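One letter stands for each residue in the lines below.
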Amino acid sequence: MNEAPLISVIVPAYNAEKWIGECCQSVFRQSYPNVELIAVDDGSTDSTLAELTRLCGSRDDMRVIHTENGGVCRARNVGLDNARGGLITFLDADDMLFDNALEVLYSLLSQTDADISIGWKRNISADGKELGSPYRREKAVYDGLDGLKRSLEDNPAMHSVWGKLYKKSAIGQLRFVEGRRVHEDSFFVFECMLGQPRVAVGEEDVLYYRISENSASRSGFSEKHFDMIYFADRKRALIEERYPELMPLCENAIVKANMALLWNLILTDDPKYRTVEKNAIQNVLDRKKYYKTALGSDAKLFWLITHGLYRPYKALHALKRTIIQG
């Protein structure tokens, strides 16, 4: 009998025929001995479902669930509702786990008696070329409200739902907010932190994160990025209700959400977004005393905004796009 606790790996997949094979194979190669893969096909219109069915074959460590298209949040929720493991991790269909990822995360969880363990990512290009990692490593254990504080500070360890191993008890009845497409995963992590779990952050990379042609920086601006403000407002309401002493840090989260929106607004010259842009800039200026640097790119944008240089910087970007496209 295998005494290692079962880890459920939840993979939502929509039109992922190009990468889903590599993704699933990375789960099959895990050095950790007790894994189930739950692949949720989110109404794909390509060969994703057929490929998942082929991969599953007669395997007893993989299940394929087909649903009507409802978005990544619903697909992850379906995975959570069907997970048998007492430990949960999430993996996107175009990403891959390191061969020892689950072993590393489980070891960290066990050694620190944590509820959630966290590893890091290594970026790869669409064709699989390694691009390095954008984050400075840290090793830490957070108790009580410490994890929630790190989330409100915009600590990179709290940005994404993947690269983490969760005890099912740390998730409980929490589910992803369906119908939202941007920052939905960081909000899920934030909600987990509201429960004051013990969180262990390691120093090792556990995941290859693919920078694809569909990334926001390459596909232009979309109104889905307004979800950033939606989730920031939800965070504010929850903090005000449950932990009002953390409101200064919550104001930092508001600043960061508006800055993230402004980063994306750089990609559009549509005049209908000028009022949105103006409001986002003002929200940053009104709360600038609460700002805490998490990334170098944030520090750069914050300096541009607070020195009245955001619009000239955006104009330079527009000129560059014109030259490239011309």
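Relevant structure appears above.
These lines cover the structure that appears in this document, whether it is placed above or below. Here the structure is a predicted model, which is why all the values come from computation and not from measurement.

Some details on the overall build of the chain
If you tally the helices and strands in the chain, you get 13 helices and 10 strands. Taking 20 Å as the expected radius of gyration for a compact globule of 326 residues, we find that the chain reaches 20 Å, a close match to that expectation. Counting only C-alpha atoms and orienting by the principal axes, one finds that the chain spans roughly 65 × 50 × 35 Å. The buried share among the 326 residues of the chain stands at 52%. Restricting to contacts in the chain with at least 6 residues of sequence separation, those with at least 24 account for 79%. As displayed, the chain has an accessible area near 15,200 Å², and 48% of this comes from carbon and sulfur atoms. Of the side chains in the chain, 43 bear a positive and 46 a negative charge, and the two mean positions are spaced by 6 Å.

Some remarks on the pattern of salt bridges
Across all of its chains, the model carries 22 salt bridges by this definition. Ionic pairing is found between Glu-153 and Arg-150, a salt bridge with its closest N-O pair at 2.8 Å. What you see here is one network of salt bridges that share partners, running through Arg-122, Glu-130, Arg-137 and Asp-205.

A closer look at helix 11 (residues 274-286)
Across its 13 residues, helix 11 extends 18 Å between first and last C-alpha, which sits within 8% of the 18 Å expected from 1.5 Å per residue. Looking at helix 11, one finds that the buried residues are Glu-277, Ala-280, Ile-281 and Val-284. All buried residues of helix 11 fall inside an arc of 95° around its axis, so they share one side. Across from the buried face of helix 11, at angles greater than 90 degrees, the exposed residues are Thr-275, Lys-278 and Asp-286.

A closer look at the nonpolar core
Membership of the largest hydrophobic core comes to 82 residues, with the highest contact counts inside it found for Leu-148, Tyr-166 and Ile-239. Among the elements that make up this core, the one with the highest residue count is helix 7 (residues 184-194) (7 residues). Those residues in contact with Leu-148 that sit more than four places away from it in its chain are Phe-190, Met-193, Leu-194, Ile-239, Tyr-243 and Leu-246. Counting residues in hydrophobic clusters, the runner-up holds 21 residues, among them Phe-221, Leu-265, Phe-302 and Tyr-313.

Side note on the pairing of strand 6 (residues 116-125)
Here strand 6 lies mainly inside the structure; 9 of its 10 residues are buried. As paired strands, strand 6 and strand 7 (residues 130-132) are joined by 2 bridges and run antiparallel to one another. In the strand pairing of strand 7, Asn-123 is matched with Gly-132. Count of turn residues in the strand 6/strand 7 antiparallel hairpin: 4 residues, of which Gly-128 carries a positive phi of about 95°.

A word on the environment of Asn-100
One can find Asn-100 in the loop between strand 5 (96-97) and helix 4 (101-112). Sequence spacing of Asn-100 and Ala-75 is 25 residues, and the spatial spacing of their C-alpha atoms is 26 Å. Residues in contact with Asn-100, not counting those within four places in the same chain, are Gln-30, Ser-31 and Glu-204.

Here we look at a nonpolar patch on the surface
Side chains of Leu-316, Leu-319 and Ile-323 sit close together on the surface and give an oily, nonpolar patch of about 330 Å² of accessible area. Here Ile-323 is to be found in helix 13 (residues 310-325). Note on Ile-323: relative accessible area 59%, which makes it exposed.

Side note on the packing of aromatic side chains
Inspection of the entire model under this criterion finds 17 aromatic pairs. Ring plane angle 35° and centroid distance 4.4 Å describe the contact between Phe-98 and Tyr-208, whose orientation is recorded as tilted. Here Phe-98 is found in the loop between strand 5 and helix 4, whereas its partner Tyr-208 is found in strand 10 (residues 199-211), with 110 residues between them in sequence. Arranged with centres 6.2 Å apart and planes meeting at 70°, the rings of Phe-226 and Tyr-273 form a pair that is edge-to-face. Within this pair, whereas Phe-226 is found in the loop between helix 8 (216-219) and helix 9 (227-242), its partner Tyr-273 is found in the loop between helix 10 (247-265) and helix 11, the two being separated by 47 residues in sequence.

Here is what the cut-offs are and how they apply
- Residues numbered from 1 in each chain as written.
- Predicted model: local features only at pLDDT ≥ 70, side-chain atom pairs only at ≥ 80, totals over all residues.
- Heavy atoms only, no water.
- Helix = DSSP H or I, 4+ residues; strand = E, 2+ residues; numbered from the N terminus.
- Rg over C-alpha atoms; globule rule 2.2 N^0.38 Å.
- Buried < 20%, exposed > 50% of the residue type's maximum accessible area, 1.4 Å probe, protein only.
- Contact = heavy atoms within 4.5 Å.
- Areas by Shrake-Rupley, 256 points an atom, 1.4 Å probe, with all protein chains shown as cover.
- Lys, Arg positive; Asp, Glu negative; His and termini not counted.
- Charge placed at Lys NZ, Arg CZ, Asp CG, Glu CD.
- Salt bridge = Lys/Arg side-chain N within 4 Å of Asp/Glu carboxyl O.
- Expected span 1.5 Å × (residues − 1).
- Arc of directions from axis to C-beta.
- Core = buried A, V, L, I, M, F, W, Y, C linked by side-chain atoms within 4.5 Å.
- Pairing = 2+ DSSP bridges.
- Patch = residues over 30% accessible without salt bridge, like charges linked within 9 Å, V, L, I, M, F, W, Y side chains within 5 Å.
- Phe/Tyr/Trp six-rings, centres within 6.5 Å; stacked < 30°, edge-to-face > 60°.

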